[in-house]
Each structure stands twice: as structure tokens, then as C-alpha cells.
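Examination of the molecular architecture
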Amino acid sequence: MYNIFLIILSFLFLLYFLFKSEWLLLVAGLGQIVMISFFSIKSGHLFITNLVELSFFLTGLLSIRLVFFNSHLPKEFRYYINGIIVFFDIYLFFIIGNMDFGGVTKFYSIWFIIYIISYLIMFSSLVINMANIFQIFFSRNILLEQSMDSEFKISFFFMNVVIVMRMICEYFMSGEYWSWNNQEIWLLILLMVMSCYFFLQKSVWQILFKIVIIILSFFISVFVYLNLL
Amino acid sequence: MYRKVSLFLLKVFIFLEVIFLFFSTLVPQNLNQELYYKMFSSNIVKYIFLFQLNNYYSSKINFVLLGVIIFLLILSGLKYFKKLSFFLFFMIFFFIVIIIFFDRFYNRRVLINVVEGNSINFSKIINRTKKIDDCYLKFLKFEIKSSEGYKEGIAFFQKGKDTLILSSKKSISIDGYRLYQKEFKKLEIFRIAIDSNDFLCFGDTLYQFGKLRILVNKYINTDKKLLATINNKEIELPLNTDISVDDSRIKFIGYEGEKYLLQIKIVQERFLDFLFILGYLYLFLLLFLLTKGTEARNV
């Protein structure tokens with residue numbers, strides 16, 4: 001039942017390529033998030049605590065970000081991201097049969113949900129920035145660095161929220177603020193790599209370094225995302 | 001000039017810390033030295049011990065690197081301390097570090113074991129200075145909820161008329177102290193007497209009573225007898241029969257069945273509210289600095 005609804009909503013992403021209306025993205029994105037919420041409530045586990053829900057929430061969040069995305073970039077920019085969403089959704093439907101739908105978290109609090117959502121916002125900003133980088137290389141328009149900067153600031157802020165929320169979760173679960181487990185170390189590595197972005201200025205070489213930091217952050221965050229729960 | 005040098009050093013030290021952290025995730029922590037030689041080649045093990053990667057998170061290298069990074073961060077940002085927002089941001093960051101340090105070293109942390117059906121005097125454990133009424137927590141029962149391959153232990157406690165639920169996924173707070181479920185074991189419980197003194201013993205646990213070292217191996221229900229290892233000798237203890245071992249008289253009084261032994265961690269919650277407020281202020285000021293634009297990018 002839920003799968004059919006999710007397939008219909010994902011189909012809306014494909015329709016966007018034909019009709020080019022942002023309303024389709026908004027409906028599909030919000031619909032996915034609402035469906036996932038209903039699914040978690042009905043299953044009786046904590047919201048977005050398995051990889052399937054997490055992934056559908058991410059694609060929903062990305063599409064909403066696209067609708068309200070205000071930048072100097074051309075409109076084609078939305079197609080790249082939408083392409084990624086469609087590709088990701090198709091991949092999800094292929095693996096959905098083999099995946100566990102239960103809640104798999106060891107944390108059980110509202111702070112954990114904030115932590116997950118903050119991470120997904122951070123991750124979606126990095127995905128948008130990756131598309132931004134492709135655009136910079138294709139159009140060779142270095143002025144797009146401005147929109148790269150503003151998007152990176154969003155991801156850096158939410159990375160800090162992730163760290164603070166992780167500390168709160170850890171305190172309520174173990175009595176320590178930081179327990180140096182692998183997940184926390186990778187979050188710290190990610191924060192340190194991202195913080196290096198703000199040392200760089202506006203020369204061409206430094207912008208190239210910024211691009212390297214974004215790509216590196218993206219790959220680290222993919223690794224963290226797969227081990228987030 | 002000093003700012004350029006400190007910024008350069010800051011980048012170098014962040015790079016070093018990231019490299020060390022990365023390698024530390026590849027090395028299992030706090031194992032016996034021999035196990036590292038089995039896992040890695042001797043050349044790699046040499047470097048693991050040289051850089052303390054076997055216990056990196058509490059090593060001097062980690063603390064020095066983190067300390068230097070924080071110091072250089074403050075040094076490179078000194079120029080911006082004239083601006084109130086930057087000054088507040090660094091001060092909040094500094095206070096958060098100080099409070100976490102105080103919490104780690106000055107807030108009480110106690111580990112206690114409690115058996116199903118028994119009570120603990122909470123006031124005595126937390127050692128209150130004020131004279132107040134005793135607060136007893138009775139460990140009523142323990143349940144294991146298995147779902148999706150994960151086991152969740154749920155302990156039910158009675159405090160006065162209230163029933164408190166302490167789960168492995170959820171801690172509880174009592175009078176400024178937070179209780180966490182650390183681990184649980186299901187053990188067989190036996191009552192034995194040594195020279196007319198009664199003791200409760202758990203199965204598979206080694207006990208030292210004076211000169212006697214006792215390990216209960218097995219209870220045979222059909223014969224009503226206990227198999228135990230006493231001072232490295234295997235001895236059978238029939239029910240209510242005195243047995244003499246190394247000048248001591250041991251008697252197996254009864255089998256009390258299987259019960260859960262729960263380990264609870266109790267942590268004092270001092271400064272927690274203050275830390276929450278500082279955490280929110282930190283995020284708020286970071287948002288302010290990032291949206292403000294030009295100054296933030298140069299720090």
C-alpha cells in the first residue's frame with residue numbers, strides 16, 4: 001500500500017522533466033515525507049530510523065530544497081538534482097524488498113530525530129553543492145562560487161547542529177558527552193574538513209581547494225550517512 | 001604576521017588530527033599487545049604503538065593536538081575579538097569546553113549492581129550531605145523486548161507509589177541524578193553458608209571468602225546438589241549437608257532460581273541546563289556569523 005503511494009509520488013519527479021512545474025516537486029517531496037511519517041507511526045518505531053525511510057526523507061527534503069532554492073544558477077540546475085532524485089528513488093525501489101523496515105536506533109528521543117533531520121539537511125546542501133560544482137566545470141563560470149559559498153554555509157551550520165545534537169543524544173544514552181565511537185569520530189573528521197573551507201579566499205586556486213573540500217566532505221558524509229543509525 | 005603563522009599552523013594541526021583520527025578508526029582500541037601482532041604486520045604495529053593509535057582517544061597525542069587546535073583557533077581569531085559577536089562566540093565555545101571538563105572530573109559517576117527483587121537505597125548511594133528521608137528503589141522485574149534483531153532490556157523500578165521504567169534506550173532522572181542501564185545478565189542464584197554465615201552467590205562468578213575461592217559451576221536439580229570449584233578442587237555440595245574444605249565448613253542451603261543482575265550507571269546532572277543554554281547560544285551565534293557574511297569567512 002505504502003509502496004504504491006511512494007511509486008506514484010516518485011513518478012511525479014519524472015513528470016517534472018516533461019511539465020517543468022515546481023509544484024510537482026513540492027507535492028512529490030512533501031508527499032514522500034508525509035507517507036514516511038505515517039509509515040513510521042503505523043509501524044510503531046521512531047521516525048526515520050531505518051535506511052529506507054531515511055533515504056525517502058532525503059529525496060523529499062532535496063526536492064523541497066529545490067523548489068525554494070534561490071540562486072544565480074540557470075534553471076537546468078534543478079534538472080541535475082531531480083535526475084539524482086529519480087536515480088536514487090529507482091535504486092531504492094530495486095533494493096526495497098531486501099531491506100529491514102524496523103527502527104534500528106539505539107537512541108530513543110526527540111533529540112535523535114533533530115540530529116537525523118539536521119544531518120539530512122546538511123547532506124542535501126552538499127548534494128546541491130556537488131551539482132553546483134558540475135555546473136562550474138561545465139559552464140566555466142567562476143561567479144557561481146557565490147552560490148557555492150552560501151550553500152556550504154548552510155551545510156556547515158547544520159553540521160554544527162548535528163554535533164551538538166549528537167552530544168545531547170550521547171549524554172541521555174550513556175552519561176558522557178562524547179564517547180569516541182567510530183560514528184562520532186567520522187562526524188568530527190567531517191566537521192574539521194568542512195571548517196577548512198572558511199580559511200580559503202577568492203583566488204582561482206583557493207576556489208579549486210574549496211571544490212576539493214566540498215567533494216571530500218560529500219564522500220565522507222555519504223560514508224557517515226550509510227552508518228548514521 | 002602572527003595571525004598568518006597561526007592560521008597556517010591551524011591548518012597543519014587540523015590536517016594532522018584528521019589523519020590521526022582516520023587511522024585510529026582502522027585500529028581496534030584497547031586490545032592486548034599480542035593481538036595487534038596477530039592482526040597487523042610487525043612494522044605496522046611499531047607505528048601503532050609509536051603514535052598510540054591502540055588507545056588514541058585518551059592518548060597524549062590526541063589531547064595535545066586538540067588543545068593546540070583550540071589555542072590556535074583563539075589566537076587566529078584575536079583580531080576579531082573587538083567585535084562583540086565574535087567575542088561572545090569564542091567565549092561560549094570556551095565555556096562549553098570548561099563545563100564539559102568540570103562535568104567529566106567533578107560530577108559524581110557511580111556504577112551499582114542490583115538483583116531482581118532487591119532494593120537499593122538511592123540516598124545512600126549518591127551520598128547526600130543534607131539529612132533527608134531515605135529514598136528506596138525496588139527493582140521489580142526485568143523484561144527483554146526483541147524486535148528487528150535488536151534486544152531492548154526494560155527494567156521496572158518502584159519508587160514510593162510510582163513505577164519507573166529504565167530501558168536500554170531511555171535513561172531516567174531522579175533528584176538531579178540520571179540513571180542509565182549499562183548491562184544485564186541472567187544468573188542462577190544460590191544460597192550457601194560458610195562457617196554458619198549465609199551468602200548469596202551467582203553462578204559462573206568467582207568469590208573469595210577468607211581463604212576460600214569459590215566458583216559455582218552447575219546445579220543438578222534431580223539430585224538437589226551443587227557442583228562447585230573450591231580452591232581449585234571440584235566438590236559436590238548436597239543440599240543441607242555440611243562439607244569440610246580447608247578448615248572451613250560449607251553448606252549448600254538452597255537454589256533461588258534465575259534472576260536478572262542489572263548494572264546501573266548513576267551520573268550527577270549538575271551544569272546540564274547551563275550547558276543546554278550555551279549549546280543553543282553557540283548555534284544561534286554561529287548562524288548570525290555565517291549569515292552576516294564577509295567577516296566569518298576570514299576566521
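These notes cover the structure that comes with them. (Residues numbered from 1 in each chain as written. Chains lettered and ligands numbered in written order. Predicted model: local features only at pLDDT ≥ 70, side-chain atom pairs only at ≥ 80, totals over all residues. Heavy atoms only, no water.)

Generally speaking, soluble globular proteins have nonpolar side chains that are buried together. Judged by nonpolar contacts, the single largest core of 124 residues is most densely connected at A:Tyr119, A:Phe152 and A:Met159. Here the element with the most residues in this core is helix α5 (residues 110–139) of chain A; it accounts for 17 residues. In this structure A:Tyr119 touches A:Val162, A:Leu187, A:Leu190, A:Ser221, A:Val224, A:Tyr225 and A:Leu228, once residues within four positions along its chain are discounted. Ranked by size, the runner-up nonpolar core spans 23 residues in total, among them B:Val115, B:Phe202, B:Phe209 and B:Val216. (Core = buried A, V, L, I, M, F, W, Y, C linked by side-chain atoms within 4.5 Å. Buried < 20%, exposed > 50% of the residue type's maximum accessible area, 1.4 Å probe, protein only. Helix = DSSP H or I, 4+ residues; strand = E, 2+ residues; numbered from the N terminus. Contact = heavy atoms within 4.5 Å.)

So, on to a nonpolar patch on the surface. Residues and elements named next belong to chain B. Together, Phe94, Ile98, Phe101, Phe102, Phe105, Tyr106, Phe271 and Phe274 make up an exposed nonpolar region whose accessible area comes to about 810 Å². It is helix α5 (residues 84–106) that provides the largest number of residues to the nonpolar patch, a total of six residues. With respect to the element layout, phenylalanine 105 can be found in helix α5. On the basis of relative accessible area, phenylalanine 105 is assigned to the exposed category, the value being 57%. (Patch = residues over 30% accessible without salt bridge, like charges linked within 9 Å, V, L, I, M, F, W, Y side chains within 5 Å. Areas by Shrake-Rupley, 256 points an atom, 1.4 Å probe, with all protein chains shown as cover. Salt bridge = Lys/Arg side-chain N within 4 Å of Asp/Glu carboxyl O.)

So, on to the interface of chain A and chain B. Counting residues at the interface gives 42 residues for chain A, matched by 43 residues for chain B. Across the chain A/chain B interface, buried area totals approximately 3,800 Å², and carbon plus sulfur atoms make up 67% of it. The interface formed by chain A and chain B holds three salt bridges in total. Residue A:Glu176 is joined to B:Arg109 by a salt bridge in which the shortest nitrogen-to-oxygen separation is 3.1 Å. Linking chain A with chain B are seven residue pairs in polar contact (both at pLDDT 80 or more). Here the side of chain A that touches chain B takes 14 residues from helix α6 (residues 145–174) of chain A, the largest share from any one element. Of the residues contributing to the side of chain A that touches chain B, the split by class is 25 nonpolar, nine polar and eight charged. (Buried area = accessible area lost by both parts, 1.4 Å probe. Polar contact = N/O pair within 3.5 Å; in protein donor to acceptor, adjacent residues only side chain to side chain. Nonpolar A, V, L, I, M, F, W, Y, C, P; charged D, E, K, R; others polar.)

Residue and element names in this part refer to chain B. Inspection of the secondary structure assignment puts phenylalanine 51 in the loop between α3 (42–50) and α4 (60–76). Phenylalanine 51 sits eleven residues away from asparagine 62 along the chain, and the two C-alpha atoms are 9.6 Å apart. If sequence neighbours within four positions are ignored, phenylalanine 51 has contacts with Phe20, Tyr56 and Ile61.

Under the criterion given, the structure shown has 39 aromatic pairs over all chains. Note on A:Tyr171 and A:Phe172: the rings are 5.9 Å apart at their centroids and 70 degrees apart in plane angle, and the pair reads as edge-to-face. The exposure class of A:Tyr171 is buried, given its relative accessible area of 1%. In this structure A:Phe172 comes out as buried when scored by relative accessible area, which is 15%. An angle of 80 degrees between the planes, with centres 5.9 Å apart, marks the rings of B:Tyr56 and B:Tyr57 as edge-to-face. By relative accessible area, which is 9% here, B:Tyr57 ends up buried. Taking the ring centre of B:Phe156 as reference, the NZ or CZ of B:Lys141 above it sits at 4.9 Å. (Phe/Tyr/Trp six-rings, centres within 6.5 Å; stacked < 30°, edge-to-face > 60°. Lys NZ or Arg CZ within 6 Å of the ring centre and 35° of its normal.)

Turning to the sheet that holds strand β11 (residues 225–230) of chain B, a few remarks are in order. Residues and elements named next belong to chain B. Overall, antiparallel pairing links the four strands, which are arranged β9-β10-β11-β12 in an open sheet. Each edge of the open sheet is held by one strand with a lone partner, namely β9 (206–209) and β12 (233–238). Averaged over all pairs of adjacent strands, the angle between their axes in this sheet comes to 35 degrees, without regard to strand direction. Note that β11 and β12 share six bridges and pair antiparallel. What sits directly across from leucine 227, in β12, is glutamate 236. (Pairing = 2+ DSSP bridges. Axes fitted to C-alpha atoms, helices over the stretch in contact; angles between N-to-C directions.)

This paragraph deals with the pattern of salt bridges. Inspection of the entire model under this criterion finds 13 salt bridges over all chains. Among the salt bridges present, the one from B:Asp242 reaches B:Arg249, with a minimum N-O distance of 3.5 Å. Taking relative accessible area as the criterion, B:Asp242 reaches 44% and is therefore assigned partly exposed. When its relative accessible area of 40% is taken as the criterion, B:Arg249 is described as partly exposed. The structure contains a network of salt bridges with shared partners spanning A:Glu176, B:Asp103, B:Arg104, B:Arg109 and B:Lys265.

A separate point is unusual backbone geometry. Residues and elements named next belong to chain B. Phi at aspartate 175 is positive, roughly 45 degrees, even though this residue is not glycine. Structurally, aspartate 175 is set in the loop between β6 (172–174) and β7 (177–194). Judged by its relative accessible area of 45%, aspartate 175 is partly exposed.

This brings us to the environment of B:Leu21. For B:Leu21, the position within the fold is in helix α1 (residues 2–26). Sequence-distant contacts of B:Leu21, that is, excluding residues within four places in its chain, are made with A:Trp180, A:Ile185, A:Leu188, A:Ile189, A:Met192, B:Tyr56 and B:Tyr57.

Everything listed is a geometric property; what it means functionally is a separate question.
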